[in-house]
Amino acid sequence: DQEGKLKVLPCEIGDTAWGIRNCGGVKYVLEGKIKEIYFSKDMQLVVVLGGIARGVYGEKIFGTKEEAEEALANGV
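Attention in this report is confined to the structure presented alongside it. Counting restarts for each chain, with residues numbered from 1 along the sequence as it is written. A pLDDT threshold of at least 70 governs which residues receive local features in this predicted model, and a stricter bar of 80 or more applies before side-chain atom pairs are shown or counted, although totals over entire chains, interfaces and linings include all residues. Hydrogens and water are ignored here; the side-chain numbers use all heavy atoms of the structure.

Quick look at the overall build of the chain
Alright, step 1. Each helix corresponds to a stretch of at least 4 residues labelled H or I by DSSP, and each strand to a stretch of at least 2 residues labelled E; elements are numbered beginning at the N terminus. Tallying secondary structure elements over the chain gives one helix and five strands in all.
Alright, step 2. Mapped in sequence order, the helices and strands of the chain form the string β-β-β-β-β-α.
Alright, step 3. Its C-alpha atoms give the chain principal-axis dimensions of roughly 40 × 25 × 20 Å.
Alright, step 4. Here the chain, with 76 residues, has 28% of them falling under the buried criterion.
Alright, step 5. Excluding contacts between residues fewer than 6 apart, the proportion of contacts in the chain whose partners are at least 24 apart in sequence is 34%.
Alright, step 6. Using a 1.4 Å probe, the Shrake-Rupley method yields the accessible areas, and only the shown protein chains count as cover for residues. Per element, the accessible surface of the chain, about 5200 Å² overall, is 52% carbon and sulfur. A simple rule labels every residue: compare its accessible area, found with a 1.4 Å probe on the protein chains alone, to the largest value its type can have, and call it buried under 20%, exposed over 50%, or partly exposed in between. Whether two residues touch is decided by their heavy atoms; if any such pair falls within 4.5 Å, the residues are in contact.

This is the structure we're talking about:
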């Protein structure tokens, strides 16, 4: 962070997460295992769900199915 303190990540490789996938204009929520985690150039946490989705945690990838479904219902 701005004070130089370490932050705890909200997830780790191997965790179950839910991603919003867009297939032919139809969006839906899928469950998967986290295969990769990294920070983008602008320091956003990007998560890869193996074969399902890749995106910013909290925007396209979520820790619970309920969070993903709520985001989808809100037009993500």
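The structure having been displayed, the exposition proceeds.
Some thoughts on the sheet that holds strand β1 (residues 16-23)
Alright, step 1. Spatially, five strands are ordered β4-β3-β2-β1-β5 in an open sheet, and the strand pairing comes out antiparallel. At either end of the open sheet lies a strand with only one pairing partner, and these are β4 (53-56) and β5 (61-62). Two strands make a pair as long as DSSP finds a minimum of two bridges between them.

A short note on the pairing of strand β2 (residues 26-39)
Alright, step 1. Bridge count between β1 and β2: eight bridges; the pairing is antiparallel. Paired with I20 across the two strands is V29, which belongs to β2.
Alright, step 2. As defined by bridge partners, β2 adjoins strand β3 (residues 45-49) across five bridges and the pair is classed as antiparallel. Of the residues in β3, the one forming a bridge with Y38 is V46.
Alright, step 3. Where β2 folds back on β3, the antiparallel hairpin that results is connected by five residues, among which M43 adopts a positive phi of roughly 65°.

Quick word on the environment of L49
Alright, step 1. Examined against the element boundaries, L49 turns out to sit in strand β3.
Alright, step 2. When the C-alpha positions of L49 and E12 are compared, they lie 11 Å apart, and in sequence the two are 37 residues distant.
Alright, step 3. If near-sequence neighbours (up to four positions away) are discounted, L49 is found in contact with A17, W18, G19, L30, G32, K33, I34, K35 and I61.

Some words on the nonpolar core
Alright, step 1. C11, A17, I34, L45, V47, L49, I52, A53 and I61 form the largest nonpolar core, which has nine residues in total.
Alright, step 2. Looking at which element gives the most residues to this core, the answer is β3, with three residues.
Alright, step 3. Those residues in contact with I52 that lie beyond four places of it in its chain are R21, L30, E31 and G32.
Alright, step 4. Counting residues in each nonpolar core, the second largest holds six residues, with W18, I20, V29 and A71 among its members. Among buried residues, the Ala, Val, Leu, Ile, Met, Phe, Trp, Tyr and Cys ones that are joined through side-chain atoms within 4.5 Å form a nonpolar core.

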